[in-house]
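# Summary of the model geometry
One-letter residues, chain by chain:
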Amino acid sequence: MRQPPIIRMLPDQRRLHLHDGPIDLIVEAFGSRAEIRTAYEAAARRFLTILDELCAELPLLRSPAGTNGVTPRGVVARRMADAVGPFAAQHFITPMAAVAGAVAEEILGAMTTAANLSRAYVNNGGDIALHLAAGESFQIGMIERPDRPSLFGSIKLHASQPTRGIATSGWRGRSFSLGIADAVTVLAERAAMADAAATIIANEVDLPNHPAIVRVPAREIAPDNDLGERLVTRAVGELTPGEIVQALHSGVVVARQLLSRGLIYAVAFRLQGQSRVEPQALRMMTLIHHPDAESVGSVLHV
Amino acid sequence: MPSAGELPVVDTIRCDACPVLCYIKRGNAGACDRYANHEGQLVRVDPHIVLDRAKTQGTPLVPFLDREREWDGNLVKDSETFITAIGAGTTYPDYKPAPFIVSSEVEGVDMVTVVTEGIFSYCGVKLKIDTDRHLGPECNLVRAQGEPVGHVTTGEYGSQMLSLGGVRHLTGGTKSEGRVTCETLLNLSNRKEVELTIDEGATVVVAAGKPPVVNNQREERMRVGCGSATIGMFAKQWFGKVDDVIVVDDHITGVLSEHQAGKLLGVRDTGIRINGRRSTAGRYFQVAQPGSGWGGTNISDPLTILKPFKPGIAWPRLRLLMVSTTGEQYAYFELDDNLRPVEKELPSQLTESVQRIRENCEPALTTVLFMGGAGGSLRSGVTENPVKLTRSVRDNFTRVTCGGAPVYIWPGGGITFMVDVSCMPENAFGYVPTPALVAPIEFTLKKEDYAALGGHMDYVRTLSSLMEEKNRQRQVSSLPQNPWPLQPAAPRSSQE
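None of these values were measured; they are calculated from a predicted model.

This brings us to the overall build of chain B. Helix and strand content of chain B: nine helices and 34 strands. In chain B, buried positions account for 48% of the 496 residues. The contacts of chain B with a sequence gap of at least 6 include a subset with a gap of at least 24, amounting to 66%.

What follows covers the sheet that holds strand S17 (residues 244-248) of chain B. Adjacent strands of a sheet pair through backbone hydrogen bonds, lying either parallel or antiparallel. Residues and elements named next belong to chain B. Strand order in the open sheet formed by seven strands is S20-S21-S18-S17-S23-S24-S25, and the pairing between neighbours is mixed. The open sheet is flanked by strand S20 (277-280) and strand S25 (341-344), the only strands paired with a single partner. Sheet twist, expressed as the mean angle between neighbouring strand axes with direction ignored, is 25 degrees. Alignment of S20 against strand S21 (residues 283-285), held across three bridges, turns out to be antiparallel. Note that in S21 the partner of Arg-278 across the bridge is Tyr-284.

Before going further, it helps to examine the confidence of the model for chain A. All names here are of chain A. For chain A, per-residue confidence averages 85 on the pLDDT scale, and 88% of positions sit at 70 or higher. Averaged over each element, pLDDT in chain A is lowest for strand S15 (residues 296-301) (34) and highest for helix H4 (residues 99-114) (97). Within the model, the stretch residues 146-150 combines pLDDT values under 50 with twelve contacts to residues more than four positions away or in other chains. Contacts for the low-pLDDT stretch residues 289-302, under 50 throughout, to residues beyond four places or in other chains number 51 contacts.

When two helices pack together, you describe them by how their axes are tilted relative to each other and by the distance separating the axes. All names here are of chain A. At a minimum axis separation of 9 Å, helix H3 (residues 75-84) and H4 run at an interaxial angle of 130 degrees. As far as their axial angle goes, H4 and H3 are oblique. The handedness of the crossing between H3 and H4 comes out as right-handed. On the side of H3, the interface is formed by Val-75, Val-76, Arg-79, Met-80 and Ala-83, while H4 contributes Val-99, Gly-101, Ala-102, Val-103, Glu-105 and Glu-106.

Residues and elements named next belong to chain B. In this structure, strand S7 (residues 100-106) lies alongside strand S8 (residues 109-120), joined through seven bridges in antiparallel fashion. Bridge pairing in S8 places Ser-104 opposite Met-111. Where S7 lies against strand S33 (residues 460-462), three bridges are found, and the strand directions are parallel. Counted as the bridge partner of Val-102 is Arg-461 from S33.

Reading the values: the criteria
- Residues numbered from 1 in each chain as written.
- Chains lettered and ligands numbered in written order.
- Predicted model: local features only at pLDDT ≥ 70, side-chain atom pairs only at ≥ 80, totals over all residues.
- Helix = DSSP H or I, 4+ residues; strand = E, 2+ residues; numbered from the N terminus.
- Buried ≥ 20, exposed ≤ 12 C-beta atoms within 10 Å, placed from the backbone.
- Contact = placed C-beta atoms within 7 Å.
- Pairing = 2+ DSSP bridges.
- Axes fitted to C-alpha atoms, helices over the stretch in contact; angles between N-to-C directions.
- pLDDT = per-residue confidence, 0-100.
- Parallel < 35°, antiparallel > 145°, perpendicular 65-115°, else oblique.
- Left-handed = near helix turned anticlockwise from the far one by under 90°.

The following block contains the structure:
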């Protein structure tokens, strides 16, 4: 039976928790007490119908982008379609690849429209939409697997920089990946774009036909998944340093294309303890090297 | 997008917990990672809830949602951590050992807690709705979404009891009746709001621990007592300030001048006569019809229950106070020369007594007790000889808790228990589409007693080994009013 959405404050009394079906958002706004309250009320109000809106056109959102010429009706659904559109010509992608980022953006938009905030973020399971008023900044940490929260890198974001969306994709995450990256973290202007781009790049970090990689048709695990019969990664055995470099390289090639098209601003890769950042001269992403570092699961605000 | 015609295949179920309506294959979870297909049953796989006593004193129950970040890295202290069955899952069919059998040392005593989620086809909730308003005739059906889910049972002190669920509504009626009953029980048990309508009666909106809403009217307070009891309580405060008082109550209306309390104080006869059936001196039944007016009657004008005063006994300017059992309604009258009551403003000397009736009324609440039978097959997950568990519970060797909350075990056969859902962590209940409710249940006993009753000793794990899987756990504080489930004092040992 339909479980009602959960809308409540976390025990710290600062952050708002919004949960409905597969959507799970951690929200925090900064500003005056009254503005924060207004923002949270706006977020909660917007949140109430968002899942139902998406589910109303789920079959369309699960079909490959740009194939049928039909434009989704919902505002979040349209944002998803717009975010994956630039990739449709060269890659298999469905609007679902941008759902987490698009939802985060929508809730952030509801808050910043309703209230005057200095900063705000909506974290949708690692896909984050950010708001920064002039002069403000966020320090973002990139962490190892969520069950072992240890930083492998950090990002300092200033209001003067254009990034307002961060997303992470990888085979260990909640969504399926066609690639073997533990995590690919992308910075982009908007969260939906970051989400779609992270999916595309993570899919490319791969070693086709490698015997240590276990792949299963997506449909065998989730019968209604948008990836259908495509093989998704379920396990990755130990790789040699050379193989890791090779796999990362395939991802870097695609990442550079997206960077040069201006679709994204930066990417961090993580595969079996190896990290890499594109563009390499980038200062705002700092990597911390752990000898025993394992993998990256998601990104959190610190 | 696979076409609908190919689905569902065998072993695949469709989850209806949210509008995504995932098809979930056996052994997998849906898109949310919270609902999964376990052996063809839809089960919740929320992280396991651990009650943490160290954080108890004075702290309200707070689920630690950000489980991996909230973990403070403290070492586990056996006596202060209790694993609840919430989210533990089940090992249906139950001949397999329970999902978690945990040993811990508490004040030098080795204890074992068997932790499982039971699938209850035999279960229901008992509702106590604090109201004087007439909710509907006894035995009439209570409906949710038009489906029968229970019935009106006894009227009790200041409240009406409803009994919902039970195996007949869950499995004995139509498919839709079973589904709606299950949903109603689940929501009430998880302290959510539910709208119920009673045949030939009221529509109520109820949630555990919240004031009931009867026909769109929120019930604020419980009555101070029945009409007769109110006379007894306040007779002294009225004496001398007013000549007679009627406390209007659908069950027992009280009349001061006739009541024993008035007689003892020497209140003079007033020649008052009222409708209804006189029970004993100054106590009247059925002065009007039940309803949502004064004191649970259907009246809005109190004078309608009065008959003409007896001439020769009543006197002009006789002062009469009429008040309801909650003090929410009141009126003051004086008799004119023809001995007819004329409404006047309430004199200030009586305001206080009316106010005091109101002050003495407790907040009206709905309370929900979940009732379930754990005497069936789930006992096999605890021991190979199930009746030994029943006896051990009955003899107080084994303590039963429900999500860490204390339960009342009904005397007689089986392990039929009741638990106040407001004492449990929130969202402790789940369901399976059978339909049946999934409720946490824990059995705690001394390790030596567990061995003696044929427990699955090979499956006993230490608490600290379990706590290493902290990413799959959620820590919550225990409620201060609950006894600590691991307190070794209560379960006596058979060895003693």
